[in-house]
Amino acid sequence: MSDPETESVVNPAQRARAWERLGAEQFDVVVIGGGVVGAGAALDAATRGLRVALVEARDFASGTSSRSSKMFHGGLRYLEQLEFGLVREALYERELSLTTLAPHLVKPLPFLFPLTNRWWERPYMAAGIFLYDQLGGAKSVPAQKHLTKSGALRLAPGLKRSSLIGGIRYFDTVVDDARHTMTVARTAAHYGAVVRTSTQVVSLLREGDRVIGVRIRDSEDGAVTEVHGHVVVNATGVWTDEIQALSKQRGRFRVRASKGVHIVVPRDRVVSEVAIILRTEKSVLFVIPWGTHWIIGTTDTDWNLDLAHPAATKADIDYILDHVNTVLATPLTHDDIDGVYAGLRPLLAGESDETSKLSREHAVAVPAPGLVAIAGGKYTTYRVMAADAIDAAAEFVPTRVAPSITEKVPLVGADGYFALINQTEHVGERNGLHPYRIRHLLDRYGSLIDEVLALAADDRGLLEPITEAPVYLKVEAAYAAAAEGALHLEDILARRMRISIEYPHRGVDCAREVAEVVAPYLGWTEAEVEREVATYIARVEAEVQSQAQPDDESADALRASAPEARAEILEPVPLN
């Protein structure tokens, strides 16, 4: 059993100690950004033996990394764009996470590709999926299987008979992206990184023309201090250009934000045993099983408004419904939707004006001495991106830097997971929980399950389900506050648990109950509980209203009107 103190990323005492260390120590690497690439860079650097600090202005995965299509995949469609290197790399990473790095979080998932053309499509797609299987080795998932029309409909009876002439079943994976990102950050903390959320970079520090650190502001209390590092890594995704502007140096690449919207509907609305991938005129549409729901998306449109809170519009939602309904026997309506979320892809800007054609390859640049920028890529290749960023950063570290070893470093919770799956019934009996509850916990926490359940040792009431979100136990909320870095109600309802997209009430009906569970761990007064609940409800109301708007501008204005859980995020200031 690991020591929770070494890999917890929050409690008030640890948070205060982290602030002291940030202001007092000389770090080798300072990473800006708590998304999957920033967390991965901190883990990569820490496991090379470097002294590492990671700062995030809001919460882990609060940007792009909590709003993906929830897949750890190679990107079948990138084969058509002849990006064989990207697909091979991503499939290798898929296999690595599925078997070694994060088997408790990354799960195999069967997909159906419905065929619609009688002559050319089957051999064409069969060749593509064969290449996909071969590039990835297909070691842990079955190879493709060809299906007749009736065979495909047996797997997915909810499809219209007229929508396909046959199908191909192949495998990819599914992951809770926000949980995975937070676990990468916890693993970095476990190996010695100083990791702190609600900590915004407001300017860069320099000596002559060299960047030597960052000035940070605590988004909770407004305190300011300076963090010194031999090199700063800008891993801020769609905020890359904003951080780059602080250096007053021209960036080596430009990042464009592409908005992707997903809807979440109850599982019984689409009758299928498998995920479904559909071609659209622009890209592809995924229908992905997600617990008791389906996630359906995505869109692909330029976004030039608020980067922190991209807003879905009625037009986005109609686009998804219109496309998925072309193949469903029972059409979906707006009334079927339990949740909606919008995220921004950080794409490397190229010649094309179409965001779907912009590169998903990543790029690393050194725009100023002591400053490394990493951008582009896709969620699945975060580990490779992180290693490339730290390879570039190593040039500015005065000591010898070891090569990356994260290929051999399982995330916390991975070790012992497979054995515990075989012991599900025993673990359930020991804790008085049904085996399905234990399986749910194992697939979220892995071998940290005992640490989670230990919080209920003195309060068995924590083992009860959250009343209006019974998929989750109260102890999960408690653990989010005690060990997983959650500082606000939104962090818990939107990212540590996915209540904000999995229930029609979007978390409003259980906000107070969850706030009262976590209040003792976060030291909230009754007034602070009230403020957290009110702020969360206002956030949900603004999101729901924005999703009825016809265009990006009106949706953005409504969403931006909601109060922030964290203190006002200041505009960064350039170097003096």
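It should be emphasised that the depicted structure is a prediction, and the values quoted were computed from it without experimental measurement.

Participant: Looking at this model, I keep getting lost on the overall build of the chain. Mind explaining?
Facilitator: Broken down by element type, the chain carries 21 helices and 19 strands. Taking 25 Å as the expected radius of gyration for a compact globule of 576 residues, we find that the chain reaches 23 Å, a close match to that expectation. With respect to the three principal axes, the spread of C-alpha positions in the chain is 65 × 55 × 50 Å. Counting the 576 residues in the chain, one finds 63% classified as buried. With an accessible surface of roughly 21,800 Å², the chain has 52% of that area assigned to carbon and sulfur atoms. For the chain, the separation between the mean place of its 61 positive charges and that of its 78 negative charges on side chains is 5 Å.

Participant: Teacher, can you tell me more about the layout of surface pockets here?
Facilitator: Where empty space is left becomes clear once a probe the size of a water molecule has been rolled over the atoms. Each pocket or cavity is described by its volume, and for the second largest pocket that value is around 830 Å³. Around the second largest pocket sit 26 residues that line it, and Lys107, Trp290, Gly291, His440 and Asp443 are the ones nearest its centre. The set of elements that each furnish at least two residues to the lining of the second largest pocket consists of strand S3 (106-115), strand S5 (166-175), strand S12 (284-290), helix H14 (435-445) and strand S19 (469-473). For the lining of the second largest pocket, the element with the highest residue contribution is H14, accounting for six residues. Considered class by class, the residues forming the lining of the second largest pocket number 11 nonpolar, five polar and 10 charged.

Participant: Is there a simple way to explain empty space enclosed by the protein in this structure?
Facilitator: Under the counting rule described, the total for this entry stands at nine cavities of 30 Å³ or more. For the largest cavity, the calculated volume is near 310 Å³. Around the largest cavity, the lining comprises 21 residues; the ones closest to its centre are Arg67, Tyr341, Ala342, Arg539 and Glu543. Elements that contribute at least two residues to the lining of the largest cavity include exactly strand S15 (339-348), helix H17 (489-496), helix H18 (499-502) and helix H20 (526-546). Here the residues of the lining of the largest cavity are counted per class, giving eight nonpolar, five polar and eight charged. Residue lining of the second largest cavity: Arg58, Ser62, Gly63, Arg67, Trp239, Ala308, His309, Glu490, Arg495, Glu564, Ala565 and Arg566, and that is the complete set.

Participant: Please clarify how the packing of aromatic side chains should be interpreted in this entry.
Facilitator: Aromatic rings in a pair are described by how distant their centres are and how their planes are angled relative to each other. The full count for this structure, using the stated rule, is seven aromatic pairs. For the pair Phe111 and Phe286, a centre-to-centre distance of 6.1 Å together with 75 degrees between the ring planes defines the contact as edge-to-face. One end of the pair, Phe111, is in strand S3; the other, Phe286, is in strand S12, with 175 residues separating them in the sequence. The exposure class assigned to Phe286 is buried, which follows from its relative accessible area of 10%. In textbook terms, an aromatic cluster arises when at least three aromatic residues are bridged by ring pairs, as seen for Phe72, Tyr379 and Tyr382. A cation over a ring is seen here: Arg267 above Trp294, with NZ or CZ 4.9 Å from the ring centre.

Participant: Before we go on, may I ask you to explain the UniProt feature "domain: Alpha-glycerophosphate oxidase C-terminal" (unreviewed entry) in the chain in this structure?
Facilitator: Taking the UniProt record as the reference, the feature "domain: Alpha-glycerophosphate oxidase C-terminal" (unreviewed entry) is found at residues 404-528. Across residues 404-528 one finds 54% helix and 6% strand; the C-alpha atoms that close the span lie 43 Å apart.

Participant: What exactly am I supposed to notice about the environment of Asp59 here?
Facilitator: You can see Asp59 is positioned in the loop between strand S2 (52-55) and helix H4 (77-80). Separated by 426 residues in sequence, Asp59 and Gly485 place their C-alpha atoms 8.0 Å apart. Beyond its immediate chain neighbours, meaning those up to four positions away, Asp59 contacts Thr197, Gly485, Asp491, Arg495, Arg496 and Arg566. Only 2.7 Å separates the side chain of Asp59 from the side chain of Arg496, close enough to count as a polar contact.

Participant: Sorry if this is basic, but what is going on with helix H19 (residues 511-522) here?
Facilitator: Counting along an α-helix, one turn takes 3.6 residues, and residues three or four places apart therefore face a common direction. Compared with an ideal rise of 1.5 Å per residue, which puts 12 residues at 16 Å, H19 spans 15 Å between its outermost C-alpha atoms and is within 8% of the ideal. Among the residues of H19, Ala511, Glu513, Val514, Ala515, Val517, Val518, Ala519 and Leu522 are the ones counted as buried. At its buried positions, H19 is contacted by strand S18 (465-466), helix H16 (474-483), H17 and H20. Positive phi appears at Gly523, one or two residues downstream of H19, with a value of about 70 degrees.

Participant: Help me out: how do you make sense of unusual backbone geometry in this one?
Facilitator: Excluding glycine, most residues fall at negative phi; most peptide bonds, likewise, are trans. The step from Gly297 to Thr298 runs through a cis peptide bond, and the omega angle for that step is 25 degrees. As for its position among the elements, Thr298 is in the loop between strand S13 (293-297) and strand S14 (301-302). We note that Ala61 has phi near 60 degrees; this positive angle belongs to a residue other than glycine. The topology assignment puts Ala61 in the loop between S2 and H4. Of note in this structure, Arg506 is not a glycine but carries a positive phi near 60 degrees. Mapped onto the elements, Arg506 comes out in the loop between H18 and H19.

The rules we used
- For every chain, the first residue of the written sequence is number 1, and numbering continues from 1 along that sequence.
- Local features in this predicted model are restricted to residues whose pLDDT is 70 or higher, and side-chain atom pairs enter the listing and the counts only when it is 80 or higher, whereas totals over whole chains, interfaces and linings include all residues.
- Derived side-chain values reflect all non-hydrogen atoms in the structure, with water molecules and hydrogen atoms excluded from consideration.
- A helix here means a DSSP run of H or I that spans at least four residues, while a strand means a run of E at least two residues long, and both kinds are numbered starting from the N terminus.
- Each radius of gyration reported is based on C-alpha atoms, and the globular scaling rule is 2.2 Å times the count of residues to the power 0.38.
- Only protein chains enter the accessibility calculation, which uses a 1.4 Å probe. A residue is then buried if its area is under 20% of the maximum for its type, exposed if over 50%, and partly exposed in between.
- Accessible areas in this description were obtained via Shrake-Rupley with a 1.4 Å probe; residue shielding takes into account the shown protein chains only.
- Positive charges come from Lys and Arg alone, negative charges from Asp and Glu alone, with His and the N- and C-terminal ends not counted.
- Each charge is placed at NZ for Lys, CZ for Arg, CG for Asp and CD for Glu.
- Only protein atoms enter the 1 Å grid, on which a cavity is a set of points fitting a 1.4 Å probe that cannot get out and a pocket is an open set with protein on both sides within 12 Å along at least 5 of 7 lines, lining residues being those with an atom within 4 Å of a point.
- Grid points are joined across faces, edges and corners, and a volume is the space filled by probe spheres set on the points.
- Side-chain classes are defined by residue name, with Ala, Val, Leu, Ile, Met, Phe, Trp, Tyr, Cys and Pro counting as nonpolar, Asp, Glu, Lys and Arg as charged, and the others, Gly among them, as polar.
- Each aromatic pair joins two rings of Phe, Tyr and Trp (for Trp, the six-membered one) with centres within 6.5 Å, and gets the label stacked for planes under 30 degrees apart, edge-to-face for over 60, and tilted for any other angle.
- Ring-over charges, as used throughout, are those where CZ of Arg or NZ of Lys falls within 6 Å of the ring centre and within 35 degrees of the ring normal.
- UniProt positions are given in the numbering used here, feature names are shortened, and annotations may be inferred rather than shown by experiment.
- Between two residues, a contact is recorded if the distance between any of their heavy atoms is within 4.5 Å.
- Polar contact is the term for a pair of N or O atoms within 3.5 Å; when the atoms are in protein, one must be able to donate a hydrogen and the other to accept it, and sequence-neighboring residues count only if both atoms are side-chain atoms.
- Take the number of residues in a helix, subtract one, and multiply by 1.5 Å to get its expected span.

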